[in-house]
Amino acid sequence: MPGTLLQRSGRELDATSDAIDEVNVLKGKLWDEQSEFDQEKDKTQFRDYDSACDRVKNFYREQHEKQTVDFNIRARVDFKSRVRARMGVWEAMEMLNTLIDESDPDTSLSQIEHLLQTAEAIRRDGKPEWMQVTGLVHDLGKLLFLFGSQGQWDVVGDTFVVGCKFSDKIIYPHTFAGNPDTNDAVYGTEYGIYEPHCGLDNVMLSWGHDEYLYNVLKDQSRLPQEALAMIRYHSFYPWHREGAYQHLMNAKDKEILAAVQAFNPYDLYSKSDEPCDPAKLRPYYERLIAKYFPPVLNW
Ligand SMILES: O[C@H]1[C@H](O)[C@@H](O)[C@H](O)[C@@H](O)[C@H]1O
Ligand SMILES: [Fe+2]
Ligand SMILES: [Fe+2]
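Along each chain, numbering runs from 1 in the same order as the chain's sequence is written. Chain labels run from A onward and ligand labels from 1 onward, assigned in the order the entries are written. Totals for whole chains, interfaces and linings use every residue, but because this is a predicted model, local features are given only for residues with pLDDT of at least 70 and side-chain atom pairs only at 80 or more, for both listing and counting. Only hydrogens and water are set aside when side-chain values are computed; all heavy atoms of the structure are taken into account.

Draft legend 1. Highlighting the coordination of the iron ion (ligand 2). The donor set covers N, O and S atoms within 2.8 Å of the metal, switching to 3.2 Å for Na, K and Ca, and it leaves out water, so a site may look short of donors. Here the iron ion (ligand 2) is held by Asp139 (OD), His209 (NE2) and His234 (NE2), and the distances to it run 2.0 to 2.2 Å. Look at where the donors of the iron ion (ligand 2) fall in the sequence and you get D-x69-H-x24-H. If you look at the iron ion (ligand 2) and the iron ion (ligand 3), they sit 3.7 Å from each other and are both ligated by Asp139. Placement of the pair is Asp139 in the loop between α6 (129-137) and β2 (161-162) and His234 in the loop between α8 (225-233) and α9 (237-240), with a sequence separation of 95 residues. A helix here means a DSSP run of H or I that spans at least four residues, while a strand means a run of E at least two residues long, and both kinds are numbered starting from the N terminus.

Draft legend 2. Here's a closer look at the site of ligand 1. Looking at ligand 1, there are 15 residues lining it, with Asp101, Ser103, Lys142, Asp158 and Ser235 nearest. In the model, an oxygen atom of ligand 1 is placed 2.7 Å from a nitrogen or oxygen of the Ser103 side chain. Here a polar contact means two N or O atoms within 3.5 Å. Within protein one must be a hydrogen donor candidate and the other an acceptor candidate, and residues neighboring in sequence count only if both atoms are side-chain atoms. Gly157 places a main-chain nitrogen or oxygen 3.1 Å from an oxygen atom of ligand 1. Gly counts as polar in this scheme, as do all residues outside two lists: the nonpolar Ala, Val, Leu, Ile, Met, Phe, Trp, Tyr, Cys and Pro, and the charged Asp, Glu, Lys and Arg. Looking at the shell around ligand 1 residue by residue, the classes come out as four nonpolar, five polar and six charged. If even one non-hydrogen atom of a residue comes within 4 Å of a molecule or strand, that residue is called near it.

Draft legend 3. Up close: the coordination of the iron ion (ligand 3). The iron ion (ligand 3) binds to the protein through His114 (NE2), His138 (NE2), Asp139 (OD) and Asp267 (OD); the donor distances cover 2.2 to 2.3 Å. Taken together, the four donor atoms surrounding the iron ion (ligand 3) define angles of 84 to 173 degrees at the centre, an arrangement classified as irregular. Think of it this way: with four donors and all angles in the 85 to 135 degree range, the site is tetrahedral; with four or six donors, opposite ones beyond 155 degrees and the rest between 65 and 115, it is square planar or octahedral; otherwise it is irregular.

Draft legend 4. A look at the packing of α6 against helix α10 (residues 251-269). One way to put it is that α6 packs onto α10 with a least axis distance of 11 Å and a crossing angle of 55 degrees. As far as their axial angle goes, α10 and α6 are oblique. By crossing handedness, the relation of α6 to α10 is classed as right-handed. On the side of α6, the interface is formed by Met131, Thr134 and Gly135, while α10 contributes Ala262, Phe263 and Tyr266. To obtain each axis, a line is fitted to C-alpha atoms, and for helices this fit is confined to the stretch in contact; angles are then taken between N-to-C directions over 0 to 180 degrees. The cut-offs work like this: below 35 degrees is roughly parallel, past 145 is roughly antiparallel, 65 to 115 is roughly perpendicular, and the gaps in between are oblique. Helix crossings are classified by the rotation of the near helix relative to the far one: an anticlockwise turn of less than a right angle makes the crossing left-handed, while a clockwise turn makes it right-handed. In this description, contact between two residues means that some pair of their heavy atoms is separated by no more than 4.5 Å.

Draft legend 5. Molecular detail of the side chain of Ser270. With respect to the secondary-structure elements, Ser270 resides in the loop between α10 and α11 (278-292). We call a residue buried when its accessible area falls under 20% of the maximum for its residue type, exposed when it is over 50%, and partly exposed in between, using a 1.4 Å probe and counting protein chains only. In this structure Ser270 comes out as buried when scored by relative accessible area, which is 2%. If we ignore the near neighbours within four places in the chain, the residues touching Ser270 are Gln117, Thr118, Ala121 and Pro265.

Draft legend 6. Structural view of the confidence of the model for the chain. Here pLDDT means the predictor's own confidence in every residue, given as a number from 0 to 100. With 87% of its residues at a pLDDT of 70 or more, the chain has an overall mean of 90. Confidence scores differ between elements of the chain, with helix α1 (residues 2-38) showing the lowest mean pLDDT of 46 and β2 the highest of 99. If you check the scores for this complex, the pTM reads 0.87 and the ipTM reads 0.98.

Draft legend 7. Region of the structure containing the environment of Met95. Mapping Met95 onto the fold places it in helix α4 (residues 89-96). By relative accessible area, Met95 is classed as partly exposed at 31%. For the pair formed by Met95 and Lys142, sequence separation is 47 residues and the distance between their alpha carbons is 10 Å. In contact with Met95, other than residues within four places in its own chain, are Met87, Leu143, Leu146 and Phe147.

Draft legend 8. How the structure looks around the pattern of salt bridges. The term salt bridge refers to a side-chain nitrogen of Lys or Arg lying within 4 Å of a carboxyl oxygen of Asp or Glu. With the rule as written, the count across this model stands at 20 salt bridges. Arg282 is the salt-bridge partner of Glu94, the closest N and O atoms lying 3.8 Å from each other. Here the residue Glu94 occupies a position in helix α4, and Arg282 occupies one in helix α11, the gap between them amounting to 188 residues. Classification of Glu94 as partly exposed rests on a relative accessible area of 45%. A relative accessible area of 33% means that Arg282 is categorised as partly exposed. Two residues, Glu211 and Arg232, come together in a salt bridge whose shortest N-O distance is 2.9 Å. Taken as a pair, Glu211 in helix α7 (residues 209-217) and Arg232 in helix α8 lie far apart in primary sequence, 21 residues in all. Given a relative accessible area of 6%, Glu211 falls into the buried group. Taking the relative accessible area as the measure of exposure, Arg232 reaches 10% and is therefore buried.

Below is the structure:
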């Protein structure tokens, strides 16, 4: 019955080529989704929160409703009350790698990739070693998520000042309507609990990976002041990008603003660079890590 056999294999062939077509369509879709994040983008396409997906919008609603003064005081007390882990920097990078940041509209890459891309972009530009290593560690504070945070809202995302009026330069400012501090007789006012030009050192920034890592590293590294400022304020976009909170700044903050702004493009725009190979880059960065950090840190 060669005829039937032929017909059958013909049908099978059709089915196979249909399946191949389907796979290709799916692959195409996947690639489109990927490319939305990771392909070469021009600078205006980053931080586009208007067209961000619901994951990002829901994240910020929750964060803006829950970051109160009361929560921030408790988070700091909790931070000081215990050591969460003891490990070296590279180990910390590997540990962080399981986290996918819900607040980020610009990358779907893992955290270790993002840290290496940031560091490599700084290195490519011939910047000093301390700045390269700052790029390498700047988001390690996201480990908080693995150390008993309440969710992602107290770990990632942009930061802002609590204890005074929420700035309308923060993304999705309307979502602060659901934060009890908005209508507080003190916290809801222009200066709130602060004095004019008291300095950013004296204000409470919303708790998350910046504040946590700054506190971990300030006594456990040989990083210069600018590096610690880059870490502490890198998510403070309402300040370093939008120019908010001038009424709380002092002379020192003007200097550190320049450092934080110099760091920002490496953090943000390297998200569309070629992925890095951690195994290949490890020896180079282990040398830098050894220069600036003890072999084991208290986290
Ligand atoms: O979504 C991102 C991400 O969480 C970054 O690590 C943080 O530094 C940025 O400020 C934020 O916009
Ligand atoms: Fe960050
Ligand atoms: Fe980052």
